[in-house]
Every structure is written in C-alpha cells, then in structure tokens.
Amino acid sequence: METNKKVLIELITVFAGGFVGGGLRFLLSMLPGWGHWPVMTIIINWPGCLALAYLGALMAKHQDVPRLWQSFIGTGMIGGYTTFSTMILQTYQQRPLWAGLYLVTTILGGWLMVELGQWLVKPLGGQHA
C-alpha cells in the first residue's frame, strides 16, 4: 500500500509540472510567428533540450536531490513544455547506429501517423490541418 501512495504522489507531481510546462508552451505559442517556418516551436524545443540535458546531468551528479524534483521538473514541466527534448536526449544516449535508427523511425513514424490521421478524418468531412 505504501508503494501505491508513493506512485500516486509522484503522479500528482508530474501532473503539476505538466500543468506549468504545458501552460507555458501554450502562452508562448500565442506569440506572433515569423514567416512560414514554425520558429516558435524551435524556440520552445531547443531550450527544452538544454534544460532536460542540464537536469539529467545535475541529477546524476547530485543524487541527494529528491526524485520528486526530477519528476516535477523533468517529466512534468519539461515534458509538458516539449517532448522533443526527451527524444533528442534519448537519441544522444544511444550508440550512433541506434541513434540514427531511432531518429529515422521516430520522425518517419510520426510523419506516417500524421498522414493516417489526416486520411482518417476525410470520411468525416474534415479537412487537412
């Protein structure tokens, strides 16, 4: 029962961090864009990569930092802010061949899922996003 309580507390901690990170991303997405390129997404994702890498290195160096902080900041805030940073950090942690395969698989698979989602909405009278 004690394990369930710890998992619930960590889950609530991640939700709280996600609330903050997702809210911040939403607010930044309301800023005007520049041209046709999704510059705001880059402005969101690059600092997210930096923050997640810094947090990971910091937590590895200072193992006395409570796990809940990692859950709140890393999984919650940065995860709510950008999932791209997680993908890039996970890629960095792989051997070069596996990193390349992971990136190609993730990007192509994501592209195919977007195509599938667009295709599935056609019978409903929807239009491409």
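Our structure's up above, just so we're on the same page.
Residues numbered from 1 in each chain as written. Predicted model: local features only at pLDDT ≥ 70, side-chain atom pairs only at ≥ 80, totals over all residues. Heavy atoms only, no water.

## Looking at the overall build of the chain
- A count of helices and strands for the chain gives five helices and zero strands.
- Listing every helix and strand of the chain by position from the N terminus yields α-α-α-α-α.
- At 18 Å, the chain has a C-alpha radius of gyration far larger than the 14 Å of a compact globule built from 129 residues.
- Here the C-alpha coordinates of the chain stretch approximately 50 × 35 × 35 Å along the principal axes.
- The buried share of the chain, taken over its 129 residues, is 17%. (Helix = DSSP H or I, 4+ residues; strand = E, 2+ residues; numbered from the N terminus. Rg over C-alpha atoms; globule rule 2.2 N^0.38 Å. Buried < 20%, exposed > 50% of the residue type's maximum accessible area, 1.4 Å probe, protein only.)

## A look at the packing of aromatic side chains
- Here the structure, examined in full by the defined rule, presents one aromatic pair.
- Between Trp-69 and Phe-72, the ring centres sit 6.2 Å apart and the planes meet at 90 degrees, which makes this aromatic pair edge-to-face. A residue pair is termed a helical-turn pair when its members lie 3 or 4 positions apart in one helix, as Trp-69 and Phe-72 do in helix H3 (residues 67-81) at three residues. (Phe/Tyr/Trp six-rings, centres within 6.5 Å; stacked < 30°, edge-to-face > 60°.)

## Thoughts on the environment of Ala-53
- The topology assignment puts Ala-53 in helix H2 (residues 39-61).
- Of the residues examined, Ala-53 reaches a relative accessible area of 36% and is grouped as partly exposed.
- Separated by 32 residues in the primary sequence, Ala-53 and Ser-85 have C-alpha atoms spaced 8.3 Å apart.

## Topic: the side chain of Asn-45
- Assignment of secondary structure puts Asn-45 in helix H2.
- For Asn-45, the residues in contact, after removing those within four places along its chain, are Arg-25, Thr-82 and Phe-84. (Contact = heavy atoms within 4.5 Å.)

## Some points on the packing of H2 against helix H4 (residues 84-92)
- Closest axis-to-axis distance for the H2/H4 pair is 8 Å, and the angle between their directions is 55 degrees. The pairing of H2 with H4 is recorded here as oblique in orientation. Considering the relative orientation of H2 and H4, their crossing is right-handed. Residues Asn-45, Gly-48, Cys-49, Leu-52 and Ala-53 of H2 touch H4, and the partners they reach there are Phe-84, Ser-85, Thr-86, Ile-88 and Leu-89. (Axes fitted to C-alpha atoms, helices over the stretch in contact; angles between N-to-C directions. Parallel < 35°, antiparallel > 145°, perpendicular 65-115°, else oblique. Left-handed = near helix turned anticlockwise from the far one by under 90°.)

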